[in-house]
Amino acid sequence: SDTSSNNNEGGSDDSKGSSEEQVVIKFAAQNDNTPATQAAIDAFNESQDKYKVEWVEMTNDSAQMHDQLLTSLSSGSDEYDILSLDVVWAGEFAGAGYLEPIDVMMNEAGLNKDDFNAGSMASGNYKGKQYTLPYFPDLGLLYYRADIVSDEDAEKLRSGDYTYEDLLAMSDQYVGEGGTTTGFVYQSAQYEGLTVNLTEFTNSFADIQGGLETMYEFTTSDATPEDILTFTEGEAHTTFEQGLAVFERNWPYALGRITAQEDGVQISADQVGIAPLPNGGAVGGWLLGINSKSQKIEGAWEFVQFLAGPEGQKIMATEGGYLPGYNALLEDEEVVASNALLASESFQKALSTTIARPVSPEYSKISDTIQIAAHKYLSTGEGLEDAVSEIEAAISE
């Protein structure tokens, strides 16, 4: 007879938790070279005895991970309950019906949209419904040479209360000082980085024509490199690190390179200031969503709430150096101490004013259209109206 399952009957108290079978929740998330993800999972598992989260480690190759998730979800599989999603995948997965909407659950849990990073929330909002909470955000920033820019101008930049025209004027004014050869470097090659920069120049596509015209002014200005239309993140950070540019638009990693004095870095971190971009920085990073086919949506939501909430986000920040997507933690001393950027008031301002790229089931197609139309116009200065209407049509699809 099968007695093995009854061995614990009347046994010691410590078996109580395990005799009531725990519900296993599978979390598909990329590899983490810090202890943070595992620490957050452990903390959740120890916080209650109903659920046990198991991490299914995915590749760190974003395109590969996208395809792997898509293969699983499109077959209707429930092998993953919770998904870590690049911010630009949320519209695609939500549009295909693969994600569970979380508005009602947020409401019942007393969670407010405003509790979380604005750009991350916008990235996971499709057709008026919320599908994701932030896992960890990333964002565009303005870097400037604090040893070149005047105190008055630096203060204006840090307040975020300036325009791209102001930035162009400053680029013209300061170029040549302190050994610099160019004013402003950013990403303008025909790739995803151009969509990101155009999101910023157009204020999330609120003013497509104005944003394109301003970008064209920069492109043709003596204050940007002649080959700015070939610049990706790498060219931008290299030019700035070598002390050749007064201003740079890039992600937070760029400061890490300077602080760590990576090979080829000619300037020190104390020569660098950071500021919000004029219309806000485009958000990058990752989101948490629930597989709509999961048989364990209640448990999945418990973990998503934990990981995106104050406890989980604090662990991600202090153990992994990730930026918190839960806004209240920007006031938390331990969290602020965990990341040099968070100590900066202007960085905090940038983090609280992030904006989103277009949210769409056809994101990669839309981004391609934006890149091609914008690059063509920026290269020639011709066909502005065509570029605007192509981009408008793409994002309204």
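Within the protein chain, the regular secondary structure consists of 18 helices and eleven strands. The C-alpha radius of gyration computed for the protein chain amounts to 23 Å, which stays within 12% of the reference 21 Å derived for 397 residues, consistent with globular compactness. Considering only C-alpha atoms, the protein chain reaches an extent of 85 × 45 × 35 Å along its principal axes. The buried share of the protein chain, taken over its 397 residues, is 53%. For the protein chain, contacts bridging at least 24 residues in sequence account for 74% of all contacts bridging at least 6. Approximately 17200 Å² of the protein chain is accessible, and the part contributed by carbon and sulfur atoms is 44%. With 19 positive and 67 negative side-chain charges, the protein chain shows a separation of 5 Å between the mean positions of the two kinds.

A few words on the sheet that holds strand 11 (residues 283-290). Reading across from one edge, 2-1-3-11-6 is the order of the five strands in this open sheet, with mixed pairing throughout. Every interior strand has two partners, whereas the edge strands, strand 2 (51-58) and strand 6 (132-139), have only one. In this sheet, neighbouring strand axes are inclined to one another by 20 degrees on average, regardless of whether the strands run parallel or antiparallel. The strands touched by helix 2 (residues 36-47) within the sheet are strand 1 (23-30), strand 2 and strand 6, with strand 2 carrying the most contacts at an inclination of about 165 degrees.

The next point concerns a negative patch on the surface. Taken together, the side chains of Asp172, Asp222, Glu226, Asp227 and Glu235 present a region of like negative charge at the surface. Locating glutamate 226 in the fold gives a position in the loop between helix 10 (208-220) and helix 11 (233-241). On the basis of relative accessible area, glutamate 226 is assigned to the exposed category, the value being 86%.

Let's shift gears to the sheet that holds strand 8 (residues 182-185). One key point about sheets: their strands pair by backbone hydrogen bonds, in either a parallel or an antiparallel sense. A sheet is described by the order of its strands in space; here four strands give the open sequence 8-9-7-10, paired in mixed fashion. Of all the strands in the sheet, the pair left with one neighbour each is strand 8 and strand 10 (272-275). Averaged over neighbouring strand pairs, the angle between their axes works out to 15 degrees when direction is ignored. By the bridge criterion, four bridges tie strand 7 (residues 141-145) to strand 10 in an arrangement that is antiparallel. Residue pairing for strand 10: tyrosine 144 is matched across the bridge by glycine 273. The sheet contacts of helix 8 (residues 164-174) involve strand 7, strand 8 and strand 9 (245-250), and relative to strand 9 the element is tilted by about 145 degrees.

A few words now on the environment of glutamine 64. Inspection of the secondary structure puts glutamine 64 in helix 3 (residues 62-74). Residue glutamine 64 is classed as partly exposed on the basis of its relative accessible area, which comes to 46%. Sequence separation of glutamine 64 and isoleucine 82 is 18 residues, and the distance between their C-alpha atoms is 18 Å.

What follows covers the packing of aromatic side chains. Under the defined criterion, the tally for this structure stands at 19 aromatic pairs. Note on phenylalanine 116 and tyrosine 326: the rings are 5.5 Å apart at their centroids and 70 degrees apart in plane angle, and the pair reads as edge-to-face. Taken together, the positions of phenylalanine 116 in the loop between helix 5 (103-108) and helix 6 (118-123) and tyrosine 326 in the loop between helix 14 (310-320) and helix 15 (333-337) put the pair 210 residues apart, joining distant regions of the chain. As far as the burial class goes, phenylalanine 116 and tyrosine 326 line up, both buried.

All right, on to the pattern of salt bridges then. According to the stated counting rule, one finds eleven salt bridges in the structure shown. The shortest N-O distance in the salt bridge between glutamate 334 and lysine 314 comes to 3.2 Å. You can see glutamate 334 sitting in helix 15 and its partner lysine 314 sitting in helix 14, a full 20 residues away along the chain. Members of the salt-bridge network, linked through shared partners, are Lys26, Lys52 and Glu54.

With respect to the element layout, threonine 195 can be found in helix 9 (residues 192-201). With a relative accessible area of 0%, threonine 195 lands in the buried category. Within the structure, the side chain of threonine 195 is placed 2.8 Å from the side chain of serine 367, a separation counted as a polar contact. Aside from chain neighbours lying at most four places away, what touches threonine 195 is Phe205, Tyr363, Ser367, Ile370 and Gln371.

Within the largest apolar cluster, 119 residues are counted, with the highest numbers of intra-cluster contacts made by Phe27, Leu69, Leu212 and Phe247. The element that contributes the greatest number of residues to this core is helix 13 (residues 297-308), accounting for eight residues. Apart from residues lying up to four places away in sequence, leucine 69 is in contact with Ala28, Met58, Tyr80, Leu83, Ser84, Leu85, Trp89 and Phe93.

The subject of this paragraph is unusual backbone geometry. Even without being glycine, asparagine 203 reaches a positive phi, approximately 55 degrees. Within the secondary structure layout, asparagine 203 lies in the loop between helix 9 and helix 10. Although it is not a glycine, serine 204 sits at a positive phi angle of roughly 60 degrees. Looking at the secondary structure, you find serine 204 in the loop between helix 9 and helix 10.

Scoring rules and cut-offs
- Residues numbered from 1 in each chain as written.
- Predicted model: local features only at pLDDT ≥ 70, side-chain atom pairs only at ≥ 80, totals over all residues.
- Heavy atoms only, no water.
- Helix = DSSP H or I, 4+ residues; strand = E, 2+ residues; numbered from the N terminus.
- Rg over C-alpha atoms; globule rule 2.2 N^0.38 Å.
- Buried < 20%, exposed > 50% of the residue type's maximum accessible area, 1.4 Å probe, protein only.
- Contact = heavy atoms within 4.5 Å.
- Areas by Shrake-Rupley, 256 points an atom, 1.4 Å probe, with all protein chains shown as cover.
- Lys, Arg positive; Asp, Glu negative; His and termini not counted.
- Charge placed at Lys NZ, Arg CZ, Asp CG, Glu CD.
- Pairing = 2+ DSSP bridges.
- Axes fitted to C-alpha atoms, helices over the stretch in contact; angles between N-to-C directions.
- Patch = residues over 30% accessible without salt bridge, like charges linked within 9 Å, V, L, I, M, F, W, Y side chains within 5 Å.
- Salt bridge = Lys/Arg side-chain N within 4 Å of Asp/Glu carboxyl O.
- Phe/Tyr/Trp six-rings, centres within 6.5 Å; stacked < 30°, edge-to-face > 60°.
- Polar contact = N/O pair within 3.5 Å; in protein donor to acceptor, adjacent residues only side chain to side chain.
- Core = buried A, V, L, I, M, F, W, Y, C linked by side-chain atoms within 4.5 Å.

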